[in-house]
Amino acid sequence: MAMELSDANLQTLTEYLKKTLDPDPAIRRPAEKFLESVEGNQNYPLLLLTLLEKSQDNVIKVCASVTFKNYIKRNWRILSDAISIIGREDFPQKWPDLLTEMVNRFQSGDFHVINGVLRTAHSLFKRYRHEFKSNELWTEIKLVLDAFALPLTNLFKATIELCSTHANDASALRILFSSLILISKLFYSLNFQDLPEFFEDNMETWMNNFHTLLTLDNKLLQTDDEEEAGLLELLKSQICDNAALYAQKYDEEFQRYLPRFVTAIWNLLVTTGQEVKYDLLVSNAIQFLASVCERPHYKNLFEDQNTLTSICEKVIVPNMEFRAADEEAFEDNSEEYIRRDLEGSDIDTRRRAACDLVRGLCKFFEGPVTGIFSGYVNSMLQEYAKNPSVNWKHKDAAIYLVTSLASKAQTQKHGITQANELVNLTEFFVSHILPDLKSANVNEFPVLKADGIKYIMIFRNQVPKEHLLVSIPLLINHLQAESIVVHTYAAHALERLFTMRGPNNATLFTAAEIAPFVEILLTNLFKALTLPGSSENEYIMKAIMRSFSLLQEAIIPYIPTLITQLTQKLLAVSKNPSKPHFNHYMFEAICLSIRITCKANPAAVVNFEEALFLVFTEILQNDVQEFIPYVFQVMSLLLETHKNDIPSSYMALFPHLLQPVLWERTGNIPALVRLLQAFLERGSNTIASAAADKIPGLLGVFQKLIASKANDHQGFYLLNSIIEHMPPESVDQYRKQIFILLFQRLQSSRTTKFLKSFLVFINLYCIKYGALALQEIFDGIQPKMFGMVLEKIIIPEIQKVSGYVEKKICAVGITKLLTECPPMMDTEYTKLWTPLLQSLIGLFELPEDDTIPDEEHFIDIEDTPGYQTAFSQLAFAGKKEHDPVGQMVNNPKVHLAQSLHKLSTACPGRVPSMVSTSLNAEALQYLQGYLQEASVTLL
């Protein structure tokens, strides 16, 4: 029982501790007895530690600490958890003698203490199972083996002897078997990375004892509980794992022990019942056989037809049965059932293990195994046909068998990618799957309906398209099934079918093929969200999103009712967002509704704003953190749909978007930047005239972003939009300050990402305000600075710029510097003219320089305070790539040639001489090509 950490209990404890100091034994002894009697209670040690910390009375402090130490001596087991936590940090470097201390405890003979030590060792060594090989790891394992392997082996032998001495003492056996389980786990950890010499030399001791324990049965250790595995089951499960480890990794050394383990584990499987408590044992035992049967070394053990028949009949078929526990999960715990069944988290289930064994056997014996199973499948189906309502589980097992037999390789994304040639999947589908799905009652035999739907999902690449097309209306029909598993599977199957690709990468099903079912599809999907248990079913919402995406304009007539339903759902879940995937697909569906409708009729954007803005306002006012980045993305999409000006409803929101608190959360940043860009693209004149006092706030946001290595590129997105769209006079007074900020950041921490963004920005500035303006602003900050930027940044680094639009901006900007900037022709900057031209030709012709200095590889993750909602990009809110020089320049190479031609007409003779004397031969050749393409010459 638990003792509350309450003042009353602290008071009681204080009184008893005082009494333990009383010289009168009549008072002292009962107090000591009382303390011993409560020390098993939960929180007792915490109460003592609380007194130690809080008590004002020094006598009580000393008393509490002595009592605590005595408690620890008696309860090493509890202490072992604390040592484990410290040991994970400090062992082995800072705590070199921990192993010696642990091994010394083995001598105590007290198994409560020994089990505490073993538990500590397990928590320290189990990481060897999944750490990457490294010298540190080898050194540590060697240290552990040198100190621990021999004492562990001696303890193992001694414990087994004690088991026979105490064979009739149930409580002693329980403690000893707990030790054996931990010892077996430690064996697994210490042998995982490689076969240690010590264990190879002592294999006889370990394997003979493991074999004995596998075959052991002691009535005293059997439990009545049907659910919970007992000590015997847990020990045998671990030994199966240990044997599988040796069979897989050290098969040559293990070869002489293997046949007797196969026999023992086989006998175990044949004699173990169907109760849930044996699940782990059975699945580990089957996994052992699965790992052995697919290794060429051991093929001979399985070759005999009788052996194969026996395995099929006694191990595989019984463990594919749908049990009462499965039925219970199917009905009452559907979410967990779906996760296990669809997402493959059923690692420890009997079915999954049996399935793996079938796959393993098929590696060498595909023909015989398929033959044997076909017989079983047929007899199970006949049993079912005799009396479906009683024998439906036979059909369930038959479908499962066919599935495990036919699927050689499977992925979530594509279903089965390799199938067994000997199984006719289409014939099975037509004869045994379709009839179940065609029956009028969608609620009859829900498990078989779910099996049938899952069959379509799994074999969607093997069953011909015409059969899949027949199943679509049947799947739509099953969206109405009461069973959560059935309607979820129906939604999932439709979503998977709608994503399948046909030839030339178009979707396999066209909108026209699904058109006849549009109304019923949409009605049933939205109705399914009202079924009990599915109000936030992510599979249904994903199917809604996918249907919109596939059907495109075919959904337009239904949008007014659909958007109302989506908005109501959004309002409901925003009160307490708990299903991130569901929420994401819901916002995607909203974006698709907007995109599809407004593509056909841009004026319809107003209707969406009317429908959504009330809910959006509520989300922003209630600060629903999970939804805010989504709301901003949808608003960007709506605002970008407006052609000319910004409606006043958006302008009212504009000042709020600049509030620092919104920018504190990293998850908001990409969506907010995009929304501000939409404001600048659509309403820069309105901002300049009606909200000029907000421009400093806008630049404040830029300044905050530019200071962060993780978000500086977002700062440049914003800055580029300001430069491109705001009327020049509205930002005049801030320009110099902007450049100074950028230079400060370049000096304090120059990264490749920052450099690339900086290069794009200065070239965009040059295009927007002219080459001379760029030169003047640099030289206005510091004399000759323009030359330094050319020499130290633009010429050497331009090769790093990536992205089609980014490279084009840089090409047009540099062309302007070469041909529209008088100081480049007749000052000390002239010496940089040819190197700049050379670097521009390099940008056109050389491969991109994507090298990143070593110390920059980890920049992306900024130290953000606490837990933050991550940014989730909505695919269907995607922004079209914007090309600010698209109208002006189509081909930047031709543009360079034309600009050089124009420059050479203004100062004849100079350009050809500069080009021919100092441009390298290869660059010169490329330049000739551009001039020819543009049909111009240099004068």
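Basis of the calculations
- The numbers attached to residues start from 1 for each chain and follow its sequence in the written order.
- Residue-level local features of this predicted model are given only where pLDDT is at least 70; pairs of side-chain atoms are given and counted only at 80 or more, and the full residue set underlies all totals for whole chains, interfaces and linings.
- Values shown for side chains rest on all heavy atoms present in the structure; no hydrogens or waters enter the calculation.
- Among the buried residues, those of types Ala, Val, Leu, Ile, Met, Phe, Trp, Tyr and Cys that are joined through side-chain atoms within 4.5 Å form a nonpolar core.
- Accessibility here uses a 1.4 Å probe with only protein chains present; expressed as a share of the type maximum, an area under 20% marks a residue as buried, one over 50% as exposed, and anything in between as partly exposed.
- A run of H or I in DSSP counts as a helix once it spans at least four residues, and a run of E counts as a strand once it spans at least two, with each numbered from the N terminus.
- A residue's pLDDT is the confidence the predictor assigns to it, expressed on a 0 to 100 scale.
- In this description, contact between two residues means that some pair of their heavy atoms is separated by no more than 4.5 Å.
- In this scheme, patches are assembled from residues that exceed 30% relative accessible area and form no salt bridge. Like charges are connected within 9 Å, while nonpolar side chains (Val, Leu, Ile, Met, Phe, Trp, Tyr) are connected within 5 Å.
- Surface accessibility in these figures is a Shrake-Rupley result with a 1.4 Å probe; residues are shielded only by whichever protein chains are displayed.
- Think of a salt bridge as a Lys or Arg side-chain nitrogen and an Asp or Glu carboxyl oxygen that are within 4 Å of each other.
- Ring pairs are drawn from Phe, Tyr and Trp, using the six-membered ring of Trp, whenever the two centres fall within 6.5 Å, and their geometry is named by plane angle: stacked under 30 degrees, edge-to-face over 60, tilted for the rest.

1. Notes on the nonpolar core
Part 1: Formed by 319 residues in total, the largest nonpolar core has its most connected members in Phe125, Phe148, Phe288, Phe587 and Trp833.
Part 2: For this core, the element with the highest residue contribution is helix α19 (residues 350-386), accounting for 16 residues.

2. A few points about the confidence of the model for the chain
Part 1: Model confidence for the chain is summarised by a mean pLDDT of 90, while 94% of its residues fall at 70 or above.
Part 2: Taking the mean pLDDT of every element in the chain, the minimum, 61, falls on strand β1 (residues 407-411) and the maximum, 98, on helix α26 (residues 518-528).
Part 3: Low pLDDT (under 50) marks residues 858-868, which in the prediction has 10 contacts with non-local residues, meaning those over four places away or in another chain.

3. A few points about a nonpolar patch on the surface
Part 1: Side chains of Leu5, Leu46 and Leu49 sit close together on the surface and give an oily, nonpolar patch of about 260 Å² of accessible area.
Part 2: Mapped onto the elements, Leu49 comes out in helix α3 (residues 44-54).

4. What about the packing of aromatic side chains?
Part 1: A full pass over the atoms with the stated rule returns 45 aromatic pairs.
Part 2: Each ring, one from Phe187 and one from Trp206, has its centre 5.0 Å from the other, and the planes form 35°; the classification is tilted. You can see Phe187 sitting in helix α9 (residues 170-192) and its partner Trp206 sitting in helix α11 (residues 203-215), a full 19 residues away along the chain.
Part 3: Look at Phe187 and you get buried, because its relative accessible area is 1%.
Part 4: With centroids separated by 5.7 Å and ring planes inclined at 65°, the aromatic side chains of Phe743 and Phe778 adopt a geometry described as edge-to-face. Here Phe743, found in helix α38 (residues 735-748), pairs with Phe778, found in helix α40 (residues 771-781); they are 35 residues apart in sequence, far enough to count as distant. Accessibility classification places Phe743 together with Phe778 in one group, the buried group.

5. Comments concerning the environment of Thr370
Part 1: Mapped onto the elements of the fold, Thr370 is located in helix α19.
Part 2: With relative accessibility at 4%, the residue Thr370 sits in the buried group.
Part 3: Along the backbone, Thr370 and Leu405 are 35 residues apart, and their C-alpha atoms lie at a distance of 7.0 Å.

6. Thoughts on the pattern of salt bridges
Part 1: Taken as a whole and judged by the stated rule, the model has 36 salt bridges.
Part 2: Of the charged contacts, one joins Lys219 and Asp217 as a salt bridge, the two residues approaching to 4.0 Å between their closest N and O atoms.
Part 3: Relative accessible area serves as the criterion here: at 63%, Lys219 is assigned to the exposed category.
Part 4: Under the relative-accessibility criterion, Asp217 is labelled partly exposed at 47%.
Part 5: One salt bridge connects Glu336 with Arg339, and the closest N-O pair in it is separated by 2.5 Å.

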